[in-house]
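# Report on the structure
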Amino acid sequence: MHNKEEAYKLSSPGEHKKYYDKWSGKYDEEFVESENYKYPEKISKIFMNLAEFRHSPIADIGCGTGVLGEEFIDMDMVLDGYDISIGMLAEAKKKKVYRNLFECDITEENVLPTSEYGGVISCGTFTFGHLGPEYLVRVIQMLNEGGLGVIGINKAHYLSKNFDEEIKLLESTGKIYNVKIFEELIYSDRKTDEDKNIKDDEVSNILTFFSSSA
Ligand SMILES: C[S@@+](CC[C@H](N)C(=O)[O-])C[C@H]1O[C@@H](n2cnc3c(N)ncnc32)[C@H](O)[C@@H]1O
């Protein structure tokens, strides 16, 4: 059965591909439904609150089975999905929400297009054992000038990998502006300040920004 503790321990793109290919058919039932995974809903709401028509098309980074894409089903937005696991992409295809789906390893150089999107979104992929702060710049480069990014980053991962430092650098070098962080619970409808016992790995620091041409 897919569980986040096991997924957090994955240490190479090859391990990710194998792991997610294996669980792709059961991911929605055994993880999304049983864990009360509210992350996609929270990311899509933040995106739609900030978005204008020009923020489409949108690239979903580490789209998996497409649970984030599904949140956009009634919105007037075009979505493409990017993921390393062909099994997860096959599940995403069944949902009929993505224009195109691309199999790619984001840790490899020159696999993502530049200046092609009005928006980038990501949910559950900037987390332990997955993508670190060094890959934010690749995602930002996919955006047109003024493009909107809404990237969920697991809070414990954010703190341990010092995402703050990379985000400040991206801001000070003029690559992004209007940077904000929204703290949200990953597995609950509640707000983070309603329960003092919540662990950092159950929280997401949802990073929002606009891209500039620098
Ligand atoms: C926890 S799942 C999240 C999937 C989906 N966004 C969701 O919220 O349900 C992480 C996803 O990242 C993908 N992934 C992991 N490493 C990757 C890499 N190096 N390049 C592209 N995708 C990757 C996995 O295949 C998996 O689908």
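Summary of the structure given here. (Residues numbered from 1 in each chain as written. Predicted model: local features only at pLDDT ≥ 70, side-chain atom pairs only at ≥ 80, totals over all residues. Heavy atoms only, no water.)

### Details of the overall build of the protein
From N to C terminus, the protein includes nine helices and seven strands. Taken over the C-alpha trace, the protein has a radius of gyration of 16 Å; the compact-globule value for 214 residues is 17 Å, and the two agree within 12%. Surface accessibility of the protein: about 10,300 Å² in total, with carbon and sulfur atoms responsible for 48%. Put simply, the protein has 25 plus and 39 minus side-chain charges, and the middle of one group is 1 Å from the middle of the other. (Helix = DSSP H or I, 4+ residues; strand = E, 2+ residues; numbered from the N terminus. Rg over C-alpha atoms; globule rule 2.2 N^0.38 Å. Areas by Shrake-Rupley, 256 points an atom, 1.4 Å probe, with all protein chains shown as cover. Lys, Arg positive; Asp, Glu negative; His and termini not counted. Charge placed at Lys NZ, Arg CZ, Asp CG, Glu CD.)

### What to know about the environment of Glu-108
Here Glu-108 lies in the loop between strand S3 (100-103) and strand S4 (117-126). With relative accessibility at 43%, the residue Glu-108 sits in the partly exposed group. Along the chain, Glu-108 and Tyr-135 lie 27 residues apart, while their C-alpha atoms are 9.8 Å from each other. (Buried < 20%, exposed > 50% of the residue type's maximum accessible area, 1.4 Å probe, protein only.)

### Points about helix H4 (residues 39-50)
Counted at 1.5 Å a residue, the expected span for H4 with its 12 residues is 16 Å, and the 17 Å between its end C-alpha atoms agrees. Turning to H4, its buried residues are Tyr-39, Pro-40, Lys-42, Ile-43, Ser-44, Ile-46 and Phe-47. Where H4 is buried, its residues contact strand S1 (58-61), helix H5 (67-70), S4, strand S5 (143-154), strand S6 (176-185) and strand S7 (203-211). (Expected span 1.5 Å × (residues − 1). Contact = heavy atoms within 4.5 Å.)

### Comments concerning the packing of helix H2 (residues 13-23) against helix H6 (residues 86-94)
Between two packed helices, the angle of one axis relative to the other and the distance separating the axes together describe the packing. At a closest axis distance of 6 Å, the pairing of H2 and H6 adopts a crossing angle of 45°. On the basis of the axis angle, H2 is oblique to H6. Taking contact as the criterion, the partners of Lys-17, Tyr-20 and Asp-21 in H2 are, on H6, Ile-86, Gly-87 and Met-88. Here the contact of H2 with H6 is composed, by residue class, of three nonpolar, one polar and two charged. (Axes fitted to C-alpha atoms, helices over the stretch in contact; angles between N-to-C directions. Parallel < 35°, antiparallel > 145°, perpendicular 65-115°, else oblique. Nonpolar A, V, L, I, M, F, W, Y, C, P; charged D, E, K, R; others polar.)

### Here's the deal with the site of the ligand
The local shell around the ligand holds 20 residues, among which Tyr-27, Tyr-37, Gly-62, Asp-83 and Cys-123 are the closest. Residue Ile-84 places a main-chain N or O atom 3.1 Å away from a nitrogen atom belonging to the ligand. In this structure, Cys-123 approaches the ligand through a main-chain N or O atom, which is 2.7 Å from a nitrogen atom. About the coverage of the ligand: the protein hides 97% of its 590 Å² of free accessible area. (Near = heavy atom within 4 Å. Polar contact = N/O pair within 3.5 Å; in protein donor to acceptor, adjacent residues only side chain to side chain.)

### Thoughts on unusual backbone geometry
Residue Pro-57 is bonded to the preceding Ser-56 through a cis peptide linkage, with omega at 0°. Structurally, Pro-57 is set in the loop between H4 and S1. Positive phi, close to 60°, is recorded for Asn-110, a residue that is not glycine.

### Quick word on the sheet that holds S6
Within the open sheet, the seven strands sit side by side as S3-S2-S1-S4-S5-S7-S6. Their pairing is mixed. Two strands in the sheet have a free side with no partner beyond their single neighbour: S3 and S6. Averaged over all adjacent pairs, the angle separating strand axes in this sheet is 15°, with direction ignored. Note that S6 and S7 share eight bridges and pair antiparallel. Note on S7: the bridge partner recorded for Lys-180 is Thr-208. Against the sheet, H6 engages strand S2 (79-83) and S3, with an angle of about 175° to S3. (Pairing = 2+ DSSP bridges.)

### Brief notes about the packing of aromatic side chains
Two aromatic rings, taken as a pair, are described by how far apart their centres are and by the angle between their planes. Taken as a whole, this structure holds 13 aromatic pairs when the rule is applied. Seen in terms of ring centroids, Tyr-82 and Phe-102 are 4.8 Å apart; in terms of plane orientation they differ by 25°. Their pairing is stacked. A residue pair is termed long-range when its members are at least 10 positions apart, and Tyr-82 in strand S2 and Phe-102 in strand S3 qualify at 20 residues. Residue class for Tyr-82 comes out buried when judged on its relative accessible area of 3%. (Phe/Tyr/Trp six-rings, centres within 6.5 Å; stacked < 30°, edge-to-face > 60°.)

### Observations regarding the side chain of Asn-205
The residue Asn-205 is located in strand S7 in this model. Apart from the residues lying within four places of it in its own chain, the contact partners of Asn-205 are Ile-151, Gly-152, Ile-153, Lys-155, Tyr-158, Ile-181, Phe-182 and Glu-183.

### Overview of the pattern of salt bridges
The full count for this structure, using the stated rule, is 13 salt bridges. Here Lys-199 ties to Glu-202 by a salt bridge, and the two come within 3.6 Å at their closest N and O atoms. Each of Lys-38, Glu-41, Lys-45 and Asp-189 takes part in one network of salt bridges that share partners. (Salt bridge = Lys/Arg side-chain N within 4 Å of Asp/Glu carboxyl O.)

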